[in-house]
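Listed below, chain by chain, are the residues.
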Amino acid sequence: NRLAAAKHISWASSRPRSCCTAMANGRRPQTIHEARRIAEKLGTKAGPMFWTMCTTGMGPKEYFQDGFAVDRARVLIRGKKRVGRNRTVPLISNLVQPMLTRSGFRQALRRLDIQLTPYDARRTYANLLEAAGIPRTRRRMYLGHGAQDVTELYERHDVTHFLAEDAEKLRDFIGVTRDQLRMMK
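What you are looking at is a predicted structure, and each value in this text was computed from that prediction instead of being measured.

## Concerning the overall build of the protein chain
Then, number 1: Along its length, the protein chain carries eight helices and three strands.
Then, number 2: For the protein chain, the N- to C-terminal ordering of α and β elements is α-α-α-β-β-β-α-α-α-α-α.
Then, number 3: Here the protein chain holds 185 residues, and the buried ones make up 43% of them.
Then, number 4: For the protein chain, the proportion of contacts with a sequence separation of at least 24, taken over those separated by at least 6, is 58%.
Then, number 5: Summing over all exposed atoms, the protein chain offers an accessible surface of approximately 10500 Å²; the carbon and sulfur share of this is 53%.

What follows is the structure, encoded as structure tokens:
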């Protein structure tokens, strides 16, 4: 039975993933193109909310409850899970405050009938960071993850020095120009 499961996992990981295909662990991070299509299908309220979560890495609790603010070319995320979750990420897209309740947003995702959870938007952001070539230490900082070992602790720097560079890489990757980006009021 384990051999059959291993074959299934290796077969699943070797074929192209669609937005309806879950990884072996049940997680469903999307490519940036899939995330755009999903945002379009979600409509005028849930779509921009999903896109905001995909381009900031906010988890559902951070987005719907803890909050965030835009300051110049960066997003300040107030994560209350632990101190490290308060973080700054590059502003790469237009952001919106929640227009639906957390429950209403989840229902909108269910109506798509693709087994997608709000947390998959955060996973999508993690994939976006990697695909755009953001170094691992900064990816972990943007996601609010702590250092895994002493070496990584020493490699951590104040992320503000890299925000503009990383924002440019990410905007190029998702196809957003600086002129298209408008600041939230």
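Now that the structure has been shown, the text picks up again.
## Examining the packing of helix H2 (residues 32-54) against helix H4 (residues 102-111)
Then, number 1: Where H2 meets H4, the axes come as close as 10 Å, and the angle between the chain directions of the two elements is 105°. As summarised for this structure, H2 and H4 are arranged roughly perpendicular, according to the angle between their axes. Here H2 contributes Leu42, Ala46, Met49, Phe50 and Met53 to the contact with H4, which in turn contributes Phe105, Ala108 and Leu109.
Then, number 2: Residues that form the contact of H2 with H4 fall into these classes: eight nonpolar, no polar and no charged.

## Brief notes about the packing of aromatic side chains
Then, number 1: On inspection of all chains with the given rule, the structure shows three aromatic pairs.
Then, number 2: Ring centres of Tyr63 and Phe64 lie 5.0 Å apart, and the angle between their planes is 80°; on these two criteria the pair is classed as edge-to-face.
Then, number 3: Residue class for Tyr63 comes out buried when judged on its relative accessible area of 2%.
Then, number 4: Each ring, one from Phe64 and one from Phe105, has its centre 5.7 Å from the other, and the planes form 50°; the classification is tilted. Residue Phe64 is located in helix H3 (residues 60-66), and its partner Phe105 is located in helix H4; the two are separated by 41 residues in the primary sequence.
Then, number 5: Here the aromatic cluster, defined as three or more aromatic residues joined through ring pairs, consists of Tyr63, Phe64, Phe68 and Phe105.

## Concerning the environment of Arg87
Then, number 1: Relative to the elements of secondary structure, Arg87 occurs in strand E3 (residues 87-90).
Then, number 2: What makes Arg87 buried here is its relative accessible area of 6%.
Then, number 3: For the pair Arg87 and Phe68, spaced 19 residues apart in the sequence, the C-alpha separation amounts to 9.7 Å.
Then, number 4: Not counting chain neighbours up to four residues away, the residues in contact with Arg87 comprise Gly57, Met58, Glu62, Val75, Leu76, Ile77, Arg122, Met141, Tyr142, Leu143 and Gly144.
Then, number 5: Within the local environment of Arg87, its side chain forms a polar contact with the backbone oxygen of Tyr142, the two atoms lying 2.7 Å apart.

## Concerning the nonpolar core
Note on soluble globular proteins: their nonpolar side chains tend to be buried together.
Then, number 1: Counting residues in each nonpolar core, the largest one holds 39 residues, and the members touching the most others are Leu42 and Phe50.
Then, number 2: Of all elements in the fold, only H2, strand E2 (74-77), H4, helix H5 (119-131) and helix H8 (163-174) reach the threshold of two or more residues within this core.
Then, number 3: Among the elements that make up this core, the one with the highest residue count is H2 (eleven residues).
Then, number 4: What Leu42 contacts, discounting residues up to four positions off in sequence, is Gly47, Phe50, Ala108, Leu109 and Leu112.

## Observations regarding the confidence of the model for the protein chain
Then, number 1: On average, the protein chain scores 79 in pLDDT, and the residues at 70 or more come to 73%.
Then, number 2: Every residue in residues 1-21 scores below 50 in pLDDT, and together they form 14 contacts with partners more than four places removed in sequence or on other chains.

## Quick look at the packing of H5 against H8
Then, number 1: Contact pair H5 / H8: the axes reach a minimum separation of 9 Å and the direction vectors enclose 105°. When the interaxial angle is binned, H5 and H8 end up roughly perpendicular. Across the interface between the two elements, Leu128, Leu129 and Ala131 from H5 touch Leu170, Phe173 and Ile174 from H8.
Then, number 2: A class-by-class count of the residues in the contact of H5 with H8 yields six nonpolar, no polar and no charged.

## Side note on the pattern of salt bridges
Then, number 1: On inspection of all chains with the given rule, the structure shows nine salt bridges.
Then, number 2: A salt bridge links Arg72 to Asp71, with the shortest nitrogen-to-oxygen separation between them at 3.5 Å.
Then, number 3: Take Arg72: its relative accessible area is 59%, and that puts it in the exposed class.
Then, number 4: Of the residues examined, Asp71 reaches a relative accessible area of 25% and is grouped as partly exposed.
Then, number 5: Of the charged contacts, one joins Glu165 and Arg138 as a salt bridge, the two residues approaching to 3.6 Å between their closest N and O atoms. Residue Glu165 is found in helix H8, and its partner Arg138 is found in helix H6 (residues 136-142); the two are separated by 27 residues along the sequence.
Then, number 6: Note on Arg138: relative accessible area 10%, which makes it buried.
Then, number 7: One salt-bridge network, in which partners are shared between bridges, spans Arg138, Glu165, Asp166 and Lys169.

Parameters at a glance
- Residues numbered from 1 in each chain as written.
- Predicted model: local features only at pLDDT ≥ 70, side-chain atom pairs only at ≥ 80, totals over all residues.
- Heavy atoms only, no water.
- Helix = DSSP H or I, 4+ residues; strand = E, 2+ residues; numbered from the N terminus.
- Buried < 20%, exposed > 50% of the residue type's maximum accessible area, 1.4 Å probe, protein only.
- Contact = heavy atoms within 4.5 Å.
- Areas by Shrake-Rupley, 256 points an atom, 1.4 Å probe, with all protein chains shown as cover.
- Axes fitted to C-alpha atoms, helices over the stretch in contact; angles between N-to-C directions.
- Parallel < 35°, antiparallel > 145°, perpendicular 65-115°, else oblique.
- Nonpolar A, V, L, I, M, F, W, Y, C, P; charged D, E, K, R; others polar.
- Phe/Tyr/Trp six-rings, centres within 6.5 Å; stacked < 30°, edge-to-face > 60°.
- Polar contact = N/O pair within 3.5 Å; in protein donor to acceptor, adjacent residues only side chain to side chain.
- Core = buried A, V, L, I, M, F, W, Y, C linked by side-chain atoms within 4.5 Å.
- pLDDT = per-residue confidence, 0-100.
- Salt bridge = Lys/Arg side-chain N within 4 Å of Asp/Glu carboxyl O.

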